[in-house]
Amino acid sequence: MLNKINYSIVIPVYNEAEVLQSSYVRLTDVLQNLSANYELLFVNDGSWDDTKRQLDQMERHDEHVKVLHFSRNFGHQLAITAGVDYASGEAVVVIDADLQDPPELIPEMIQKWQEGYDVIYAKRSARKGESPFKKLSASLFYRILDKVSETSIPLDTGDFRLMDKKVCEQLRLIDEKNPFVRGQVSWIGFRQTEITYTRDARLYGETKYPLRKMVKLSLDGITSFSYLPLKLASYLGSFTLGAGFLCLLVLLIKWGVTGEQLSGTGGIAVLLLILFGSCFLLLGIIGEYLARLFEDVKVRPRYIVDEANGFDFEVRKREELA
Ligand code: UDP
Ligand code: MG
């Protein structure tokens, strides 16, 4: 029988040939000290440098190493999703390959997990070696997301986290095509806690997150966890329509009091406000339906039960019923 795996470390990798050996050595040092069974699960997200060869070599020499090679670049979030799908550990840690997330924090996460927490996420108290633009845009993004999101998603927190097996089981049930993993994990719930750390500079190479990918990640985060963009039309519609009726009232009062005829310009302004207001409002109504439809096509479970007590029949898990 295969040995039970205690810890799975999921590492998304995209063109990280320069840093891969150092990552492997640092992760191995930390995990060997834990005297537990572990797997290093590298997900090669369509790299075109020497990454593939290096990973295959590691896999041949070290039984702890497992490798998934994607057919092309699917992006960081899908690489994490695949890693979690294939991980078999009791606890799963997601960590970047570039050593910006220090592997030495893993034992601290494990300790919290042993205390009974199901998710331990690493919150960045400072970020080293990143451009002012990256720091500012990231900080702004987390704050906007926090304001508009229906689920509370921790500020300044990336994907470096430990998750209990039961959280991963739930994550596997979510079938979103453009996943925003940190949001999904917050949405899943259970006992979550944070540890803080200083995010180091990249050891070698440069960021694999150009502006284009950052914008996509932000849009995925906002559209999967907020309906505000869809509701904007309703707000605008209500405001415009309200303004239209108010102007109409003013014109009518003026007409009643002074007997002054409705002027052409005033009449047109009122007509435009009321017409545009109605259009926006109708778009908003479509938005409301779209939001509900969107919720359905996301195929997230409707609810997640942590414990079920007091039943006189055995409660089966939702996934067994599916
Ligand atoms: N990555 C990936 N696919 C991509 C982009 C990045 O798997 O399309 C990996 C990358 O190799 C790294 C992690 O995701 O391990 C985070 O990427 P990066 O360090 O470039 O992002 P940053 O830290 O600059 O935000
Ligand atoms: Mg990085």
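Let me begin by describing the structure that accompanies this report. Fair warning: this is a prediction, and the values are worked out from it, not measured in the lab. (Residues numbered from 1 in each chain as written. Chains lettered and ligands numbered in written order. Predicted model: local features only at pLDDT ≥ 70, side-chain atom pairs only at ≥ 80, totals over all residues. Heavy atoms only, no water.)

Right, let's get into the coordination of the magnesium ion (ligand 2). Listed as protein donors to the magnesium ion (ligand 2) are Asp98 (OD) and Gln100 (OE1); their distances from the metal cover 1.9 Å. For the pair formed by Asp98 and Gln100, the shared burial category is buried. (Donors = N, O, S within 2.8 Å, 3.2 Å for Na, K, Ca; no water. Buried < 20%, exposed > 50% of the residue type's maximum accessible area, 1.4 Å probe, protein only.)

Burial runs high along strand E2 (residues 38–44): 7 of the 7 residues are buried. Along E2, one buried face is formed by Tyr38, Leu40, Phe42 and Asn44 and the opposite face, lined by Glu39, Leu41 and Val43, is buried too. Note: strand E1 (residues 7–13) against E2, 7 bridges, orientation parallel. Across the sheet, Tyr7 pairs through a bridge with Tyr38, a residue of E2. The pairing of E2 with strand E3 (residues 65–69) spans 5 bridges and is parallel. Note that in E3 the partner of Val43 across the bridge is Leu68. Where the polypeptide runs from E2 across helix H2 (residues 51–61) and back to E3, its parallel neighbour, the crossover connection is right-handed. (Helix = DSSP H or I, 4+ residues; strand = E, 2+ residues; numbered from the N terminus. Pairing = 2+ DSSP bridges. Right-handed = clockwise from strand over helix to strand, strands pointing away.)

A word on the packing of aromatic side chains. For any pair of aromatic rings, the description rests on two quantities: the centre-to-centre distance and the angle between the ring planes. A complete count under the given rule lists 7 aromatic pairs for this structure. Judged by centre distance (5.5 Å) and plane angle (50°), the ring pair of Phe141 and Tyr142 falls under tilted. In terms of burial, Phe141 and Tyr142 fall into one category: buried. Geometrically, the ring pair formed by Phe160 and Tyr197 is edge-to-face, given 5.7 Å between the ring centres and 80° between the ring planes. (Phe/Tyr/Trp six-rings, centres within 6.5 Å; stacked < 30°, edge-to-face > 60°.)

Moving on: the packing of helix H9 (residues 228–258) against helix H10 (residues 264–297). Taken N-terminus to C-terminus, the directions of H9 and H10 make an angle of 155°; their axes are 7 Å apart at the nearest point. Comparing their axes, H10 and H9 come out roughly antiparallel. With respect to the hand of their crossing, H9 and H10 are arranged in left-handed fashion. Along the lines of polarity and charge, the residues of the contact of H9 with H10 split into 19 nonpolar, 11 polar and 2 charged. (Axes fitted to C-alpha atoms, helices over the stretch in contact; angles between N-to-C directions. Parallel < 35°, antiparallel > 145°, perpendicular 65-115°, else oblique. Left-handed = near helix turned anticlockwise from the far one by under 90°. Nonpolar A, V, L, I, M, F, W, Y, C, P; charged D, E, K, R; others polar.)

What follows concerns the sheet that holds strand E5 (residues 119–127). One key point about sheets: their strands pair by backbone hydrogen bonds, in either a parallel or an antiparallel sense. Across the sheet, 7 strands lie side by side as E3-E2-E1-E4-E6-E5-E7; this open sheet has mixed pairing. What marks the edges here is a single partner per strand, and that holds for E3 and strand E7 (192–199). Averaged over all neighbouring strand pairs, the angle between strand axes comes to 20°, with direction disregarded. Sheet topology places E5 next to E7; 8 bridges connect them, and they run parallel. Note that in E7 the partner of Ala126 across the bridge is Thr198. Packing of helix H1 (residues 17–32) onto the sheet brings it into contact with E1, E2 and E3, and relative to E2 it is tilted by some 160°. Of the strands in this sheet, E5 and strand E6 (157–164) touch helix H5 (residues 132–148), which is tilted by about 135° from E5. (Contact = heavy atoms within 4.5 Å.)

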